[in-house]
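Analysis of the macromolecular model
Spelled out, the chains give:
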Amino acid sequence: MTNATLQTFGPDPVGLAQAAAILARGGLVSFPTETVYGLGADARDDTAVAAIFAAKGRPSFNPLIVHLPDLSAAENLCRFNDDARRLAGAFWPGALTLVLPLKADAGISKLVTAGLDTLAVRVPDHPVAQGLLQAFDGPIAAPSANPSGRVSPTTAAHVKAGLGNKINGLVDGGPCGVGVESTIVSCVGLPTLLRAGGIPTEALEACLGQPLAVATDPATPQAPGQLVSHYAPTGTVRLNAEKAAPDEVLLGFGPVDAPLNLSPSGDLTEAAARLFDCLHRLDAMGAKRIAVSPIPDHGLGRAINDRLRRAAAPRG
Ligand code: TXA
Ligand code: MG
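Reading the values: rules and limits
- Residues numbered from 1 in each chain as written.
- Chains lettered and ligands numbered in written order.
- Predicted model: local features only at pLDDT ≥ 70, side-chain atom pairs only at ≥ 80, totals over all residues.
- Heavy atoms only, no water.
- Helix = DSSP H or I, 4+ residues; strand = E, 2+ residues; numbered from the N terminus.
- Buried < 20%, exposed > 50% of the residue type's maximum accessible area, 1.4 Å probe, protein only.
- Salt bridge = Lys/Arg side-chain N within 4 Å of Asp/Glu carboxyl O.
- Domains from an automatic or database assignment.
- Contact = heavy atoms within 4.5 Å.
- Buried area = accessible area lost by both parts, 1.4 Å probe.
- Polar contact = N/O pair within 3.5 Å; in protein donor to acceptor, adjacent residues only side chain to side chain.
- Core = buried A, V, L, I, M, F, W, Y, C linked by side-chain atoms within 4.5 Å.
- Pairing = 2+ DSSP bridges.
- Phe/Tyr/Trp six-rings, centres within 6.5 Å; stacked < 30°, edge-to-face > 60°.
- Axes fitted to C-alpha atoms, helices over the stretch in contact; angles between N-to-C directions.
- Parallel < 35°, antiparallel > 145°, perpendicular 65-115°, else oblique.
- Left-handed = near helix turned anticlockwise from the far one by under 90°.
- Nonpolar A, V, L, I, M, F, W, Y, C, P; charged D, E, K, R; others polar.

Residue position: Ala 90 is located in helix H4 (residues 82-91). Under the relative-accessibility criterion, Ala 90 is labelled partly exposed at 45%.

Between Trp 92 and Pro 93 the backbone carries a cis peptide bond, its omega angle lying at -5°. With respect to the helices and strands, Pro 93 occurs in the loop between H4 and strand E5 (96-101). For Asp 137, which is not a glycine, the phi torsion comes out positive at approximately 60°. For Asp 137, the position within the fold is in the loop between helix H6 (127-136) and strand E7 (140-141). A residue is classified by how much of its surface remains accessible, and Asp 137, at 63% relative accessible area, is exposed. Even without glycine at this site, Asn 240 takes up a positive phi of about 50°.

Turning to the pattern of salt bridges, a few remarks are in order. Tallying each qualifying case throughout the model produces 11 salt bridges. Arg 238 is the partner of Glu 248 in a salt bridge, and the nearest nitrogen-oxygen pair spans 2.8 Å. Taken together, the positions of Glu 248 in the loop between strand E12 (236-238) and strand E13 (249-252) and Arg 238 in strand E12 put the pair 10 residues apart, joining distant regions of the chain. What makes Arg 238 partly exposed here is its relative accessible area of 36%. Asp 306 is paired through a salt bridge with Arg 310; the nearest N and O atoms lie 2.7 Å apart. One end of the pair, Asp 306, and the other, Arg 310, are both in helix H10 (residues 300-312), four residues apart, so they sit about a helical turn from each other. We classify Asp 306 as buried; its relative accessible area is 14%. The network of salt bridges with shared partners includes Glu 181, Asp 306, Arg 307 and Arg 310.

The domain boundaries assigned to the protein delineate domain 1 (7-214) and domain 2 (236-312). Computed from C-alpha atoms alone, the centre-to-centre distance between domain 1 and domain 2 is 26 Å. At the interface, 19 residues of domain 1 touch 14 residues of domain 2. Carbon and sulfur atoms supply 57% of the area that domain 1 and domain 2 bury against each other, a total of about 1400 Å² over both sides. Here Asp 283 ties to Arg 150 by a salt bridge, and the two come within 3.9 Å at their closest N and O atoms. For the interface between domain 1 and domain 2, the tally reads four residue pairs in polar contact (both at pLDDT 80 or more).

Turning our eyes to something else, we now look at the nonpolar core. Judged by nonpolar contacts, the single largest core of 49 residues is most densely connected at Leu 98 and Val 121. Of all the secondary-structure elements, those providing two or more residues to this core are strand E3 (37-42), helix H2 (46-56), helix H3 (71-77), H4, E5, strand E6 (118-122), helix H7 (156-163) and helix H8 (201-208). Broken down by element, the residue count for this core peaks at five residues, all from H2. Ignoring anything within four residues of it in the chain, the contact list for Leu 98 reads Phe 80, Ala 84, Leu 87, Ala 88, Trp 92, Leu 119, Ala 120, Val 121, Val 185 and Cys 187. In terms of nonpolar packing, the next biggest core, distinct from the first, is built from 27 residues, Ala 196, Leu 260, Leu 268 and Ala 303 among them.

What follows is about the sheet that holds strand E15 (residues 289-292). Pairing in this open sheet of four strands is parallel, and the strands run E12-E15-E13-E14 from one edge to the other. On the outer flanks of this sheet lie E12 and strand E14 (260-261), each paired with one strand and no other. Across two bridges, E13 lies against E14 in parallel orientation. Bridge pairing in E14 places Leu 251 opposite Leu 260.

Turning our attention to the packing of aromatic side chains. The geometry of an aromatic ring pair comes down to the distance between the two centres and the angle between the two planes. Inspection of the entire model under this criterion finds one aromatic pair. For the pair Phe 80 and Trp 92, a centre-to-centre distance of 6.1 Å together with 75° between the ring planes defines the contact as edge-to-face. A residue pair is termed long-range when its members are at least 10 positions apart, and Phe 80 in the loop between H3 and H4 and Trp 92 in the loop between H4 and E5 qualify at 12 residues. For Phe 80, a relative accessible area of 10% translates into the label buried. A relative accessible area of 11% places Trp 92 in the buried class.

Moving on to the environment of Glu 242. Tracing the chain through its elements places Glu 242 in the loop between E12 and E13. Sequence spacing of Glu 242 and Gly 89 is 153 residues, and the spatial spacing of their C-alpha atoms is 42 Å.

Once that is clear, we can look at the packing of helix H1 (residues 13-24) against H6. Two elements in contact, H1 and H6, have axes whose closest approach is 9 Å; the angle formed by their N-to-C orientations is 55°. Viewed along their axes, H1 and H6 adopt a mutual orientation that is oblique. At the point where H1 passes H6, the crossing takes the right-handed sense. Between H1 and H6, the residues in contact are Leu 16, Ala 19, Ala 20, Leu 23 and Ala 24 and Val 128, Gly 131, Leu 132, Ala 135 and Phe 136, respectively. Class assignment of the residues belonging to the contact of H1 with H6 gives a composition of nine nonpolar, one polar and no charged.

Quick look at the structure:
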C-alpha cells in the first residue's frame, strides 16, 4: 500500500476489523500498547515491513519487535529455554520483550530481524493491541511509531504529528499507561539486559534468581535503543540540574518550581508515563535548552535515565 491517507479508528470491534484489513493489505497501522504507540505491519510481508523503515526513516539495520497474542504464538516462532519460559510466565502479557533464537520455518520477513537468526517477541498487555492481534490473526512487527531518532509517542496525537502523512491507519486508544518502551532481555545464552524499560530490572532478576548480564559494547549495539543519540527532543538536554540557567527550560522531578514536571510528588511510575509527553511538549514550546532535575536511578528511574542520557548525548 502506498500513498498513505490516514484513517483513524476507534478501539471498538468495527474499528479494529478495519485496521486489521489494512494490515492484511500490507498497510501500516499505528496502535496503542501499554508502553508506547507501535507502528504495525504484517511481520511476514517484506514490502509492508520495508514501509515501516521508510515511514520512520529508520536505519535498516535496526531489527523490529514482533507482537503476538500469547506465549504459544511466540513458541511457534522462537525456541524458548527455561529462563525465557520463566520470564514469559511471570511478565506476559506485559512490557517485556524477549530476544530468542528464530525457528527456521517461522515465516518472518528477514527485514524484521535485519538478517539476524534471533527474533524479538513481545505479548502486549493492552486491550486494543490484543484486539488488533485477534482481528488480524498474525504476527505484527511494530517499532515505536515515531520518526527515527525522535521521541516515542504515547498518545494518538503524537503519532499523527510525527507520522500522520506516512501511515494508513491509526487506532486511537487513549494515552499509554506505562509510557516507556518494553524492557528487552536476550535469552540467547546468559540472560542479558539489552534495554531498560517498563519492567524494572530488579523484578526480572528476582524472577530469574540471578543478575542479568548487561550488553556493554556500544560499538556493536545489539539493540539500537543502545545507539548513543536516539531519544532526542529538538533542544539540547542537560541532566542532573538542580536548577535551570536563565536560558534553559527546567523539566522538573519532585517538588521544584518548573514549567513542566515529570512528577511533582517524585513518583517514578508517573514520571515514566509522562516522560515522552513532556519531551514532546518541550518541542512544542520551542525549548532550545532543556535542564532536567536529578532522577533516582532505581526501578523505572533507570529506564527514564537511560532515555534522558540518550536525549542528552552529542548529536551525530
Ligand atoms: O514497548 C516497546 O517495545 C515498543 C512497543 C511498540 O511495543 N516497541 C519498540 O520497538 O520500542 P522499537 O523498534 O522502537 O525498539 C525495538 C528494539 C530495538 O532497539 C531493536 O534493535 C531491538 O528491539 N531488537 C529487535 N530485534 C532484536 C534482535 N533480534 N536482537 C537484539 N535486539 C533486537
Ligand atoms: Mg523506538
